[in-house]
Amino acid sequence: MSLTTESFLIGLIGDGVIPSLTPPMHEREGAAHGLLYLYRPIDIAALGLPAERVGELVTAARNLGYNGLNITHPCKQLVIEHLDEVDDDAARLGAVNTVVIEEGGRTVGHNTDWSGFLGAFRSGLPGAPLARVVQLGAGGAGSAVAYALLMAGVEHLSIVDVDAGRAETRAAELAAMFPGASVEGSTTAELAPLLKAADGVVHCTPTGMAAHPGTPFDTSLLDARQWVADIVYRPIETELVREARAAGCRVLDGGRMAVGQAVDAFRIFTGREPDAERMRAHFLELIELEAAQTAAAGAR
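Residues numbered from 1 in each chain as written. Predicted model: local features only at pLDDT ≥ 70, side-chain atom pairs only at ≥ 80, totals over all residues. Heavy atoms only, no water.

I'd like a description of the overall build of the protein chain, backed by residues and values.
In terms of regular secondary structure, the protein chain is built from eleven helices and twelve strands. Relative to its length of 300 residues, the protein chain is compact, with a C-alpha radius of gyration of 19 Å against a globular reference of 19 Å. Each principal axis of the C-alpha atoms in the protein chain carries an extent, and together these give about 60 × 50 × 35 Å. Every one of the 300 residues in the protein chain was classed for burial, and the buried ones make up 49%. In the protein chain, the share of contacts with a sequence separation of at least 24, taken over all contacts with a separation of at least 6, comes to 69%. With the model as given, the accessible surface of the protein chain reaches about 13,300 Å², and the carbon-plus-sulfur share is 54%. Once the 23 positive and 38 negative side-chain charges of the protein chain are each reduced to a mean point, those two points are 4 Å apart. (Helix = DSSP H or I, 4+ residues; strand = E, 2+ residues; numbered from the N terminus. Rg over C-alpha atoms; globule rule 2.2 N^0.38 Å. Buried < 20%, exposed > 50% of the residue type's maximum accessible area, 1.4 Å probe, protein only. Contact = heavy atoms within 4.5 Å. Areas by Shrake-Rupley, 256 points an atom, 1.4 Å probe, with all protein chains shown as cover. Lys, Arg positive; Asp, Glu negative; His and termini not counted. Charge placed at Lys NZ, Arg CZ, Asp CG, Glu CD.)

See below:
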């Protein structure tokens, strides 16, 4: 018999989510807890639906008895108006990536992107100095990461983006939320001197992904006293991570954030405490299998 306290039906709404590694991570962790845990991608591209119809999908999930949903690009902002409640952190970020559907159908939005990065940062780079940090990228993921960095206690955060206006807007928003910290928006032309003075660097742009190879800046600017965090995880060993490690820097690979957000979402959905290291080990298995399959397909 499937009891509602021992079974979970979860979905992932977004564009191009069929290959996501989040469903298998959740399902295996659910099995480790003795739960019946079914997690399915709901791909708006495959369904031919625009992102603006995310509210209809939330309603359908509620009516079909789903326990929760993860929400990803391009629906994280759009979903908010369709929820009954949004927690304080998600409201401040203006983005929801985790929706709990309570008994009775009430929907509550959370954001585990920022908390996932924060947990990953604390466990992966313990004791990292936080006086001056440079972040590259002021997009959606960058907003969550910057929020996490300031929650971690960063004293001076420089947000660098190719769009100077976006960097300045994001910095102003965060400065209002964290009046005890210094937050500035900067252009890529100012990057070199900012990097030289930084204790750490966080990378939040697509550079380094398989489709966008390379490094986001000249890594000869790094030195061994610094730490470097990347949020790109396909591949897990980006050129930035590899070259930063070769320069003697402490590094945090992008897989840490990917697992971190899943860990926090699992906890929110189930009320159970997930094993973060077990989930990371499974994630690395999935990444390795994916790389092997891609290599085999290329060799045919």
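Any details on the sheet that holds strand S10 (residues 200–203)? Residues and values, ideally.
Judged by pairing direction, the sheet is parallel, and its six strands sit side by side in the order S9-S8-S7-S10-S11-S12 without closing on themselves. The outermost strands of the open sheet, each flanked by one partner alone, are strand S9 (182–186) and strand S12 (250–252). Mean inter-strand twist for the sheet, computed between neighbouring axes without regard to direction, equals 15 degrees. Examined bridge by bridge, strand S7 (residues 132–136) and S10 share four bridges and lie parallel to one another. Looking at S10, one finds that Leu136 is bridged to His203. Sitting on the sheet, helix H6 (residues 140–152) is in contact with S7, strand S8 (156–160), S9, S10 and strand S11 (227–230), with an inclination near 170 degrees to S7. (Pairing = 2+ DSSP bridges. Axes fitted to C-alpha atoms, helices over the stretch in contact; angles between N-to-C directions.)

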